[in-house]
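Residue-level structure breakdown
Take a look at the letters that make up each chain.
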Amino acid sequence: MAVKKKKASAPSKRKMQSGSGGETHQSATADTGVMTTAQGIPVSDNQNSLRAHSRGPTLLEDFILREKITHFDHERIPDRVVHARGSAAHGYFELTRSLSKYTTAKLFTDTKARTPVFARFSTVAGGAGSVDTPRDVRGFAVKFYTQEGNYDLVGNNLPVFAIQDAMKFPDFIHAVKMEPDRGFPQAASAHDTFWDFVSLSPETLHMVTWAMSDRGIPRSLRMIEGFGIHSFRLINAKGESTFARFHWRPKLGLQSTVWDEAVKLQAADNDFHRRDLFEAIDKGDFPEWEFAVQLFTEAEAEAFPFDHLDATKLIPEELVPLTVIGRMVLDRNPDNHFAENDQVAFCPANMIPGIDFSNDPLLQGRLFSYLDTQLSRLGGTNFTQIPINAPKCPFANHQRDAHMQMQVPKGRVAYEPASLDRDGSTPNGRETSNGFRSFSETAPKGEGKGRVRAETFADHYSQPRMFFRSQSPLEQAHIASAFVFELSKVDDDVVRERTVSQLRNIDESLAQRVADGLGMTALPDAAPKAAPVQDLPLSPATTLIPRMKPTLAGRCVGILVSDGSDAKAVDAVRKAVEDAGATVKLVAPKRLVTLKGRKPQKADGQLAGTPSVLFDAVACVLTPEDAARLANEAACIDWFRDAFGHLKAIAACGGTRKHILPVAGIEPDAGVMDIAEVDAFLKQAKTRQWDREPTLRTLA
Ligand code: HDD
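Parameters and conventions
Residues numbered from 1 in each chain as written. Predicted model: local features only at pLDDT ≥ 70, side-chain atom pairs only at ≥ 80, totals over all residues. Heavy atoms only, no water. Donors = N, O, S within 2.8 Å, 3.2 Å for Na, K, Ca; no water. Helix = DSSP H or I, 4+ residues; strand = E, 2+ residues; numbered from the N terminus. Buried < 20%, exposed > 50% of the residue type's maximum accessible area, 1.4 Å probe, protein only. Pairing = 2+ DSSP bridges. Contact = heavy atoms within 4.5 Å. Axes fitted to C-alpha atoms, helices over the stretch in contact; angles between N-to-C directions. Near = heavy atom within 4 Å. Polar contact = N/O pair within 3.5 Å; in protein donor to acceptor, adjacent residues only side chain to side chain. Nonpolar A, V, L, I, M, F, W, Y, C, P; charged D, E, K, R; others polar. Salt bridge = Lys/Arg side-chain N within 4 Å of Asp/Glu carboxyl O. Disulfide = S-S within 2.5 Å. Parallel < 35°, antiparallel > 145°, perpendicular 65-115°, else oblique. Left-handed = near helix turned anticlockwise from the far one by under 90°. Phe/Tyr/Trp six-rings, centres within 6.5 Å; stacked < 30°, edge-to-face > 60°. Lys NZ or Arg CZ within 6 Å of the ring centre and 35° of its normal. UniProt positions renumbered as here; feature names shortened; annotations may be inferred. Expected span 1.5 Å × (residues − 1). Core = buried A, V, L, I, M, F, W, Y, C linked by side-chain atoms within 4.5 Å. Arc of directions from axis to C-beta.

A closer look at the coordination of the iron atom of the ligand
A lone protein donor contacts the iron atom of the ligand, and this donor is Tyr370 (OH), found at 1.9 Å. Relative to the helices and strands, Tyr370 resides in helix α9 (residues 361–378).

Here you go:
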């Protein structure tokens, strides 16, 4: 059967980088428009397998079928053991302030360079196909393709980690992942094994309290902070070391969802965060983060009321202020999700001259784990040659062979010292005095090898106490409610009680609220403490709601319309909202809608499939007849009920206010206004209606 062939996919024009002096390869495929096998053999029929006769068996001889199916059968590679679900983008980093006093790293000294980056954001617990909006920590990993090699800053959206020593990582992750006998729950910490581990490991409490805060349910990946977490060393030309902690701060400000909304988003759009990131970049609304450092000396660190080598501790901004030194802009979506997002291999050990590791025992363990996992995930040592992982600066060494070698290094010399490369044809490179050097640290006297946890790591409660007490009353209520929700999913009474006994050491009122929410009649005894709990100065910089930016930039407003809706009213809201930097999406009972006096147009979404959780604020312009009709439509009632319940501004036409809002049980407040009050709507839409919350739900 003659079948029109699809155009073959565009050939890769990318040059494969080889070692210096090595051959530069180019993909052999030319864009001839002809479909071929992987061996380059033209394909005449991509619809039918080769059969013995028209209704006979398929022949083994059909190498085209076999190649196609074989390749398909092997398409999947192992998921990342953690952070499997992620979304990524390309971009660049620009340094705005040189740190040349502290480091020789060109990345942090060359203010003229624009360094390409690839950033990947992820959830931790779920598989690659899990939802985007569970309560979870978000990974924030950035690969800088610097002039001096790849530097990876593999961080999270919280400034602290859950454990102090890498030895505990497999236990922690086994506890949070789905339980091994039953295979559930997917992408959720609300289950017995997680809280069993947490309640027995007080070092987890600081990060867990952050994860229970609204940071655990972000609105958008474009609206999260990022933290390198560990202390790193910056090394200057004199070999002097200064400690640094790294921070990313989103230009759009922080923004979270409310819990009921996060849950409903899981049903409304599995890919909510991935789509949001993709669509923003696609339309040129490039996400941007400030890059900031906290710098401090060894002597300053000695005076901290905690050990900065302990990754469960943050350094309050109030103690060591942030200095903004650069910005990252993400301006290009991946061309291919698998080739880039799946195959990118971040590794905290990818370190450049001028920066060095600290002795944080969690960081030290990570230096082993990432390369190790990538060997099994990506199939061998040559994953560094995959385009997304390859450095963009020249590279050369004596490493040879192994699975999937893509380079063809010339010459007979693959070792050094060597004298036989007389014509200089071997791409091996030589050592340089500018190369990576480790900071030379003097070991403390009188101490030897041992499996030990430093005494300075013993205080597990002072910082979660500082965090909890720094939060606004509403944030504290959200944290307490999140604990109640999670623990209400725990069946084992002992685990629930033991967790509350831990919370007593953080804050008695928190423990009491959680105990009340769980229906406990009495508080269990406080858990034993290995060190006294300190009342540290509060850190307002750790809050979220008080620091949210009142802005519509980067947000999305849904307008509900139907046939005959007043086009001018729709235009007025659209213009005002778009001028304020937000996107507008039209939602209608049917995908095709005809506004009054206009031609039929495609709505962005159909009402039943486009719930209001997808928007930051909603408006609606309906004919009175349609408003009366839609008051009987569950999807429409939910649209408004949820928008109200999720603390969003609502601009409603007269028909909606008369017919729909009463059915949805909405008593208009300051965040509900007439569609004609565009300015008021803009003002309210820039923030959540936090005052509304206590009138709607019981918070712990
Ligand atoms: Fe990790 C992936 C962040 C501790 C072992 N980690 C991974 C990713 C992020 C983090 C963002 C995903 C990178 C990507 O998008 O591909 N991990 C952290 C942070 C930690 C941390 C901020 C503490 C401060 N991790 C940590 C420890 C270990 C690991 C202590 C093991 C001892 N992490 C891994 C891993 C992963 C990983 C198993 C899975 C996939 C991968 O590395 O490439 O090696």
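A closer look at the pairing of strand β6 (residues 232–235)
Because side chains alternate across β6, one face comprises the buried residues Phe232 and Leu234, and the other comprises Arg233 and Ile235, equally buried. Bridge count for β6 against strand β7 (residues 241–250) is four bridges, and the pairing is antiparallel. If you follow Leu234 over to β7, its bridge partner there is Thr242. Here β6 runs beside strand β10 (residues 355–357); their pairing, made up of three bridges, is antiparallel. Within the sheet, the bridge partner assigned to Leu234 lies in β10 and is Ile355.

Some thoughts on the side chain of Lys648
By secondary structure assignment, the location of Lys648 is in the loop between α16 (634–645) and β17 (650–652). With residues up to four places along the chain from it excluded, the contact list for Lys648 reads Glu261, Ser612, Val613, Phe615, Asp616, Ala617, Ala643, Gly671, Arg688, Gln689 and Arg692.

Focus: the sheet that holds strand β11 (residues 556–561)
Across the sheet, six strands lie side by side as β15-β12-β11-β16-β17-β18; this open sheet has parallel pairing. In this open sheet, the two edge strands, each paired with only one partner strand, are β15 (605–606) and β18 (672–674). Summarising the sheet, strand β12 (residues 583–588) and β15 pair through two bridges and their orientation is parallel. By the bridge assignment, Ala588 is partnered in β15 with Gln606. Along the sheet, α16 makes contact with β11, β12, β16 (617–621), β17 and β18, crossing β11 at roughly 150°.

Let's talk about the site of the ligand
Near the ligand lie 22 residues; those nearest to it are Arg80, Arg120, Ser369, Tyr370 and Gln374. Contacts to the ligand include Arg120, whose side-chain N or O atom sits 2.7 Å from an oxygen atom. Between Gln374 and the ligand, the recorded distance is 3.0 Å, taken from a side-chain N or O atom to an oxygen atom. Contributions of two or more residues to the shell around the ligand are made by β3 (138–146), β4 (149–156) and α9. Class assignment of the residues belonging to the shell around the ligand gives a composition of eleven nonpolar, eight polar and three charged.

Describing the pattern of salt bridges
Once the charged atoms of two side chains with opposite charge are near each other, the side chains can pair. All chains considered together, the criterion is met by 40 salt bridges. Close ionic contact of Asp616 with Arg219 constitutes a salt bridge, the shortest N to O distance being 2.6 Å. Note that Asp616 is positioned in the loop between β15 and β16 and Arg219 in the loop between α4 (205–212) and β5 (226–227), a separation of 397 residues in sequence. Residues joined in a network through salt bridges with shared partners are Glu94, Arg114, Lys251, Glu288 and Arg327.

Regarding the state of the cysteines
Going through the model one piece at a time under the given rule, you end up with zero disulfides. Cysteine Cys636 shares no disulfide, and the gap to the nearest cysteine sulfur, in Cys620, comes to 7.3 Å. Judged by its relative accessible area of 0%, Cys636 is buried. Free cysteine: Cys653, not disulfide-bonded; nearest cysteine sulfur from Cys620 at 4.0 Å.

Observations regarding the packing of helix α11 (residues 473–488) against helix α13 (residues 508–518)
How two helices pack is summed up by the angle between their axes together with the distance between the axes. Look at α11 against α13: their axes get within 9 Å of each other, and the N-to-C directions meet at 45°. Considering their axes alone, α11 and α13 lie oblique with respect to each other. The two elements α11 and α13 meet at a crossing, and its hand is right-handed. Here Pro473, Gln476, Ala477, Ile479, Ala480, Phe483, Val484, Leu487 and Ser488 of α11 come into contact with α13, specifically with Leu510, Arg513, Val514, Gly517 and Leu518. Of the residues belonging to the contact of α11 with α13, the class tally is ten nonpolar, three polar and one charged.

Comments concerning the packing of aromatic side chains
Throughout the structure, instances matching the rule amount to 30 aromatic pairs. Relative to Phe140, the ring of Phe121 lies with its centre 4.9 Å away and its plane at 90°, an arrangement referred to as edge-to-face. Note that Phe121 is positioned in strand β2 (residues 114–123) and Phe140 in strand β3, a separation of 19 residues in sequence. Looking at Phe140, the relative accessible area reads 1%, which means it is buried. Aromatic ring contacts, followed pair by pair, group Phe93, Phe108, Phe121, Phe140, Phe144, Tyr151, Phe232, Phe246, Trp248, Trp289 and Phe291 into a single cluster. In this structure, Arg114 is placed above the aromatic ring of Tyr92, and the distance from its NZ or CZ to the ring centre is 3.6 Å. Sitting over the face of the ring of Tyr145, Lys392 holds its NZ or CZ atom 4.4 Å from the ring centroid.

Some thoughts on the packing of helix α14 (residues 567–579) against helix α18 (residues 678–685)
Contact geometry of α14 with α18 gives a least axis separation of 10 Å together with a crossing angle of 40°. Taken together, α14 and α18 sit at an angle that is classed as oblique. α14 and α18 meet at a crossing whose hand is right-handed. Seen from α14, the contacting residues are Ala572, Val573, Ala576 and Val577; seen from α18, they are Val678, Phe681 and Leu682. Of the residues in the contact of α14 with α18, the class split is seven nonpolar, no polar and no charged.

A closer look at the side chain of Ser562
Considering the arrangement of structural elements, one finds Ser562 in the loop between β11 and α14. The class for Ser562 is buried, based on a relative accessible area of 1%. Polar side-chain contacts of Ser562 include one of 2.5 Å to the side chain of Asp626. Leaving out residues up to four positions away in the same chain, Ser562 has contacts with Pro589, Val593, Thr594, Leu595, Val621, Leu622, Thr623 and Asp626.

Some thoughts on the UniProt feature "domain: Catalase core" (unreviewed entry) in the protein
Per the UniProt record, "domain: Catalase core" (unreviewed entry) is annotated on residues 36–424. Between the C-alpha atoms that bound residues 36–424 the distance is 39 Å, and the span itself is 22% helix and 19% strand.

Section: unusual backbone geometry
Both trends apply: most residues other than glycine have a negative phi, and most peptide bonds are in trans. Cis geometry marks the peptide bond from Phe184 to Pro185, where omega comes out at 0°. Relative to the helices and strands, Pro185 resides in the loop between α2 (169–176) and α3 (192–200). A cis amide bond links Glu416 to the next residue, Pro417, at an omega of 5°. When you line up the elements, Pro417 lands in the loop between α9 and α10 (462–470). You will see that Ala402, though not glycine, has its phi angle at about 75°, which is positive. Counting through the fold element by element, Ala402 comes out in the loop between α9 and α10.

Brief notes about α11
Taking 1.5 Å as the rise per residue, α11 with 16 residues should run 22 Å; its terminal C-alpha atoms sit 22 Å apart, in good agreement. In terms of burial, α11 is largely enclosed, as 13 of its 16 residues are buried.

A short note on the nonpolar core
Of all hydrophobic cores here, the largest spans 57 residues; its most connected members are Ile559, Leu560, Phe640, Ile650 and Phe681. With 51 residues, the next largest nonpolar core counts Ala125, Phe172, Trp210 and Leu362 among its residues.

A look at helix α17 (residues 654–663)
Taken residue by residue, α17 has Gly655, Thr656, Ile660 and Leu661 as its buried positions. Mapping the buried residues of α17 onto a view down its axis gives an arc of 140°, with all of them on the same face. Packing partners of the buried residues in α17 comprise β16, α15 (624–630), α16, β17 and β18. In the stretch just after α17, Gly665 is the one whose phi turns positive, near 75°.

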